[in-house]
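Topology and contacts: notes
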Amino acid sequence: MVASGFALLALGLALAHAPVAGSLDDAFVVLSDARATFQGVEPGLGAPDAQGFLGGARVEGSTSLLDWAIKGIGLELAPAMDPLRLAGWLGLGWWIAAVLIAVRAAVRWTGSAIVAAAVGGLVAWSPGLAESAGYLLEGPLFALLWILALVAAVEARPALCLTWSLLLAAARPEGLALAPILVGWAGGRQSLAAGVPFGTGGVRWAAAWRWAGAGVLAGALITAVRFWLYGDWLPNTFHAKSSSSRWSEVADGARYLLQVLRSDAGLSAAAVGLSSAVLAVLWLTRHPEAEPRARHSTRSAARGLLAMAALYALGVLVSGGDSYMGARLFMPIGLPVWLALGLAVAGQTLRRSLAALALPLVACFASAVGGSLDARRPWQVFPDAVQALAAGPVGLEAFEGDEEVFRAIAAALAPDEVFAHLHTQRFRWFEPATPVLDLTGLTDREVARRPASGPVRFGRTAIELALTRKVGALHLDPLRGRVTSLVDAPDLAAALSNPAMAPRYFGEPYLRAELAEALSQHYLAASRRLPKGAGYFNLLVRRDLAEAFRAQGFRVARG
């Protein structure tokens, strides 16, 4: 109880001082897809081209089948609840469960409530976990299943590990690759625990391969479900966010890992590497009177956990890292290291255990809460935590005024007109009946498969497609509002392409001059003021729809 209480306090502090999510756009993709399936509200995804292509609701815009299903059930059971707040409470629940599971495992392994509390604190303050929860996506759920599968593997329970690995594969696509490795490792450890002599490694390998095959079948089952639902082997987001050049992906992944080290999470990320060095020292200095088989088992388990961390780090490198700045994808790298550290101190004296855990714990605490303190005094950390927990997760009030703006856009567009966007996935939630063209490709198969030889962050940027299809309205800004109305821009083409002018009206990517000029010939600038000083919602409207948008309260440039 004491260990769990300390770990939950650590979690509360991390939650209160978590970095603000770079965007909640993807959360609306999951919620809209879930509502379409479970409540029959069909979003107007895609726009027909000359071949009759229509993305439709059968596009997997979310990355996680499991997160999509859970949120769909949640929306069905609690239809009156704020959808963002529902997603936030679910994420908090997974986060709490992940911390408590790590504490319970550490108690079993070490028999010390103090050591278990320290391991729980490391997990709660692990780089990227609190930040991942802020995006209202599957991050905390994946962390919980990742810890459950790792613990089952360490404790040589392959059947249980297979269950968690099956869910892990449903939680994120990388779980498909991790499942056979985790289950095979658990099977090999079961043979070791059953007393297979050290000299008969072939027997243990045979058991490992059999269980790994079961892991492959688990991944195949999830893949078959995905193909049955969507007609694709991988989420649409995988195609949308992958570069056509693997070397470009690796370069992006390297930049992402370096960025994590330079960020506020860098201290705790460095602690991950430091803990790995501490583990090596503990292995070398373990008491010689320990029973050889137990010592070998503990060391092999810790080595396996570090191998899992290294494997995930390699996966982050070759997959291009994260779209957003931050440490979200570093979270699965740190978690097995903290578990390995807790396992390695088993059998050590309390003093040696705390010495091994102290520096990583302090580094993770400083990284988790220090960046948000600024000029405030350190004791303000606790009142801030209480206030943040009392307020609860963010809700739709964060987007106050958007529903009115989107309703006006839908009213100005004829039933067959299309709204195109780069970063406005929430439009689908508020106006599901209006046809939408997602220029990033997250919810559009055709766009997701367009070639992209350079770096890809948030997805494709198929703005030319909007021009080709003559969409009715086009929103390109990653922000809700800007201080300056686009209607006041002296030159629309320059406002879309000139880096010295564009930041006042739109965010990156700035358009090529020829594309900006083509858009300015067919579209007019339009804007509408958002409430509470949130600025202007800037967009482009096709010239023949100017009067329809003016009738809905938009300022539209003359041209």
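Above this note sits the structure.
Residues numbered from 1 in each chain as written. Predicted model: local features only at pLDDT ≥ 70, side-chain atom pairs only at ≥ 80, totals over all residues. Heavy atoms only, no water.

Before going further, it helps to spend a moment on the pairing of strand 4 (residues 523-529). A regular strand places its side chains on the two faces of the sheet in alternate fashion. Counting buried positions over the 7 residues of strand 4 gives 6, a clear majority of the element. Where strand 4 meets strand 5 (residues 536-542), 7 bridges bridge the pair, whose relative direction is antiparallel. Considered in strand 5, the bridge of Ala 525 is made with Leu 540. Remark: 6 residues form the turn of the hairpin made by strand 4 and strand 5, two consecutive strands paired antiparallel; Lys 532 in that turn has positive phi of roughly 55°. As judged from the 2 bridges shared by strand 4 and strand 6 (residues 555-556), these two strands associate in the antiparallel manner. Note that in strand 6 the partner of Ala 526 across the bridge is Val 556. (Buried < 20%, exposed > 50% of the residue type's maximum accessible area, 1.4 Å probe, protein only. Helix = DSSP H or I, 4+ residues; strand = E, 2+ residues; numbered from the N terminus. Pairing = 2+ DSSP bridges.)

Adjacent strands of a sheet form backbone hydrogen bonds with each other and so pair up, either parallel or antiparallel. Read across the sheet, 6 strands follow the order 2-1-3-5-4-6 without closing on themselves; strand pairing throughout is mixed. On the outer flanks of this sheet lie strand 2 (436-438) and strand 6, each paired with one strand and no other. Sheet strands in contact with helix 18 (residues 402-412) are strand 1 (419-421), strand 4 and strand 5, and its direction is about 10° off that of strand 5. Lying on the sheet, helix 23 (residues 513-522) is in contact with strand 3 (473-475), strand 4 and strand 5; it crosses strand 4 at an angle near 80°. (Contact = heavy atoms within 4.5 Å. Axes fitted to C-alpha atoms, helices over the stretch in contact; angles between N-to-C directions.)

A separate point is the pairing of strand 5. Counting buried residues along strand 5, 7 of its 7 residues qualify, which places the element largely inside the surrounding structure. Alternating residues of strand 5 divide into Tyr 536, Asn 538, Leu 540 and Arg 542 and Phe 537, Leu 539 and Val 541, and every residue in both groups is buried. The pairing of strand 3 with strand 5 spans 2 bridges and is antiparallel. Note on strand 5: the bridge partner recorded for Leu 474 is Leu 540.

The next thing to look at is helix 18. Among all positions in helix 18, only Asp 402, Val 405, Phe 406, Ala 408, Ile 409, Ala 410 and Ala 412 are buried. Looking at the packing, one finds that the buried side of helix 18 touches strand 1, helix 19 (426-430), strand 4, strand 5 and helix 24 (546-551).

Mapped onto the elements of the fold, Asp 232 is located in the loop between helix 10 (201-230) and helix 11 (236-240). Exposure remark for Asp 232: the relative accessible area of 12% places this residue in the buried category. Polar side-chain contacts of Asp 232 include one of 2.4 Å to the side chain of Arg 449. With sequence-adjacent residues up to four places away left out, Asp 232 is seen in contact with Arg 226, Phe 227, His 239 and Arg 449. (Polar contact = N/O pair within 3.5 Å; in protein donor to acceptor, adjacent residues only side chain to side chain.)

This brings us to the nonpolar core. Counting 111 residues, the largest nonpolar core has Trp 146, Leu 182, Ile 409, Leu 539 and Phe 549 as the members making the most contacts within it. Sort the elements by how many residues they give to this core and helix 7 (residues 139-154) lands first, with 14 residues. Listed in part, the 32 residues of the second largest apolar core include Ala 489, Met 501, Leu 511 and Ala 516. (Core = buried A, V, L, I, M, F, W, Y, C linked by side-chain atoms within 4.5 Å.)

What follows deals with the pattern of salt bridges. Applying the stated rule across the entire model yields 24 salt bridges. The partner of Glu 404 in a salt bridge is Arg 528, and the shortest N-O contact between them spans 2.9 Å. Placement of the pair is Glu 404 in helix 18 and Arg 528 in strand 4, with a sequence separation of 124 residues. Given a relative accessible area of 14%, Arg 528 falls into the buried group. For Glu 547, the salt bridge is made with Arg 558, and the minimal N-O distance between the two is 4.0 Å. Residue Glu 547 is located in helix 24, and its partner Arg 558 is located in the segment after strand 6; the two are separated by 11 residues in the primary sequence. Here Arg 558 falls in the exposed class, since its relative accessible area comes to 68%. (Salt bridge = Lys/Arg side-chain N within 4 Å of Asp/Glu carboxyl O.)

Another aspect to go through is the environment of Trp 185. Note that Trp 185 resides in helix 9 (residues 174-193). When the C-alpha positions of Trp 185 and Pro 158 are compared, they lie 8.1 Å apart, and in sequence the two are 27 residues distant. Leave out the neighbours within four places in its chain, and Trp 185 touches Leu 150, Ala 153, Val 154, Ser 300, Ala 301, Gly 304, Leu 305 and Met 308.

The grouping of Ile 181, Leu 311, Leu 314 and Val 318 at the surface amounts to a nonpolar patch, some 290 Å² of accessible area in total. Among the elements that make up the nonpolar patch, the one with the highest residue count is helix 14 (residues 292-319) (3 residues). Among the secondary structure elements, Leu 311 is positioned in helix 14. (Patch = residues over 30% accessible without salt bridge, like charges linked within 9 Å, V, L, I, M, F, W, Y side chains within 5 Å. Areas by Shrake-Rupley, 256 points an atom, 1.4 Å probe, with all protein chains shown as cover.)

Compared with an ideal rise of 1.5 Å per residue, which puts 14 residues at 20 Å, helix 15 (residues 331-344) spans 20 Å between its outermost C-alpha atoms and is within 8% of the ideal. Within helix 15, 14 of the 14 residues are buried, leaving the element largely enclosed by the surrounding structure. (Expected span 1.5 Å × (residues − 1).)

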